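A closer look at the structure
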Amino acid sequence: GMFRKNEDLTPSQRCLAVRRMPSLLEYLSYNCNFMGILAGPLCSYKDYITFIEGRSYQLQQSEANGKEDTKYEQTDPSPNIAVAQKLLICGLSLLFHMTITKTLPVEYNIDDNFRATASWPVRFFYLYVSLMAARPKYYFAWTLADAINNAAGFGFRGYDKNGVTHWDLISNLRIQQIEFSTSFKMFLDNWNIQTALWLKRVCYERATFSPTIQTFILSAIWHGVYPGYYLTFLTGVLMTLAARAIRKNIRHYFVESPAVKLCYDIVTWMATQVAISYTVVPFVLLSVKPSFTFYSSCYFCLHIASILVLLIFPLKRTQKGSTNHESIQPVWSKKLEEENLLQKNNYSTTNNSFSQKQEITCRYQALKQ
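Residues numbered from 1 in each chain as written. Predicted model: local features only at pLDDT ≥ 70, side-chain atom pairs only at ≥ 80, totals over all residues. Heavy atoms only, no water.

Per an unreviewed UniProt entry, the protein is named Membrane-bound O-acyltransferase domain-containing protein 2, and its organism is Pelecanus crispus. UniProt's Subcellular location (unreviewed entry) comment on the protein is quoted here verbatim: "Endoplasmic reticulum membrane". (UniProt positions renumbered as here; feature names shortened; annotations may be inferred.)

Laid out in structure tokens, this is it:
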């Protein structure tokens with residue numbers, strides 16, 4: 001935000017641009033605040049400093065004529081209901097993890113007796129349910145971290161047209177969309193959302209070639225040194241590219257009739273859930289030997305299928321900058337003001353808000369699935 005011209009930035013970069021060097025206190029506050037001590041979730045510096053300075057309740061609502069009406073709430077909206085709902089989800093996720101998850105271990109997928117006696121449908125069904133049972137521990141950790149931020153007053157995204165408050169500005173997952181995702185992209189867009197946004201901003205939008213491959217490799221490095229991470233993300237590259245090719249070349253044939261689209265959604269849901277489960281097995285097993293044992297027992301079937309899809313269907317290039325790249329963005333409005341570029345190092349916005357330029361709001365829109 002300080003070394004590039006405004007017109008050279010993407011819409012999302014303009015919204016998140018930092019126009020003034022943070023002070024040491026602001027920097028340490030952002031990195032060491034207690035709200036992110038458990039599991040994040042990651043938030044942008046712009047959102048964080050807006051919240052700290054008490055400017056996070058500048059709300060934006062769309063009127064019927066499409067114009068934006070900026071309103072200022074006199075009282076802070078209460079997070080109590082949102083926190084209670086998220087704590088309930090935490091409790092259910094923890095209960096599920098402590099009861100069901102232990103009865104469906106992922107390691108059973110590579111059990112010699114199971115592989116020798118179970119049929120292919122049974123094996124793929126157990127693959128799906130065992131990986132589905134492994135997800136609640138992530139639901140628990142991320143939802144609890146989200147609730148902590150909300151309890152502190154952080155995470156308010158605004159009101160919808162009906163006046164309902166939304167406390168999901170920095171939420172890290174959407175459970176319903178994850179469990180009922182009908183495409184690989186839809187799953188990724190709703191899983192570990194804030195980290196995916198960070199990867200998109202720092203890598204995907206800046207990569208000069210093969211942005212998908214570079215982003216997955218960076219994600220693997222960011223996760224750690226276990227070989228399973230790299231196997232998962234390299235497999236994820238194939239799955240993502242294959243799913244994108246199928247979607248762009250086939251999907252439009254099945255959206256005309258509601259009945260046909262319903263059948264298409266059911267088939268793609270099943271395929272997506274199996275593909276996701278197949279991809280993330282090494283992420284759970286961590287080591288090379290058990291991961292290759294699993295893939296070899298499946299004859300690397302989805303790896304081969306993905307390669308065949310990429311050979312058969314052309315993968316159209318997407319023009320960077322032609323669409324909004326924030327594919328995992330809130331539908332409702334985010335408020336982000338534009339600070340005065342000529343203002344000196346002054347971080348007390350409350351005392352200087354009347355001498356700055358009029359604050360403007362920036363809307364993020366979600367790409368259609």
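What follows picks up the thread again.
1. Brief notes about the pattern of salt bridges
Applying the stated criterion to the full structure yields seven salt bridges. As a salt-bridge pair, Glu-26 and Arg-20 come within 3.4 Å of each other at their nearest N and O atoms. Arg-20 shares its class with Glu-26; the two are buried. The partner of Glu-179 in a salt bridge is Arg-135, and the shortest N-O contact between them spans 2.8 Å. You can see Glu-179 sitting in helix H8 (residues 175-179) and its partner Arg-135 sitting in the loop between helix H6 (120-133) and helix H7 (136-151), a full 44 residues away along the chain. (Salt bridge = Lys/Arg side-chain N within 4 Å of Asp/Glu carboxyl O. Buried < 20%, exposed > 50% of the residue type's maximum accessible area, 1.4 Å probe, protein only. Helix = DSSP H or I, 4+ residues; strand = E, 2+ residues; numbered from the N terminus.)

2. Considerations on the packing of helix H12 (residues 227-250) against helix H13 (residues 258-285)
Running from amino to carboxyl end, H12 crosses H13 at an angle of 155°, the nearest separation of the two axes being 6 Å. In terms of orientation, H12 lies roughly antiparallel with respect to H13. Where H12 approaches H13, its residues Gly-228, Tyr-229, Leu-231, Thr-232, Phe-233, Thr-235, Gly-236 and Met-239 are matched on the opposing element by Ala-275, Tyr-278, Thr-279, Val-280, Pro-282 and Phe-283. Among the residues forming the contact of H12 with H13, the class breakdown is nine nonpolar, five polar and no charged. (Axes fitted to C-alpha atoms, helices over the stretch in contact; angles between N-to-C directions. Parallel < 35°, antiparallel > 145°, perpendicular 65-115°, else oblique. Contact = heavy atoms within 4.5 Å. Nonpolar A, V, L, I, M, F, W, Y, C, P; charged D, E, K, R; others polar.)

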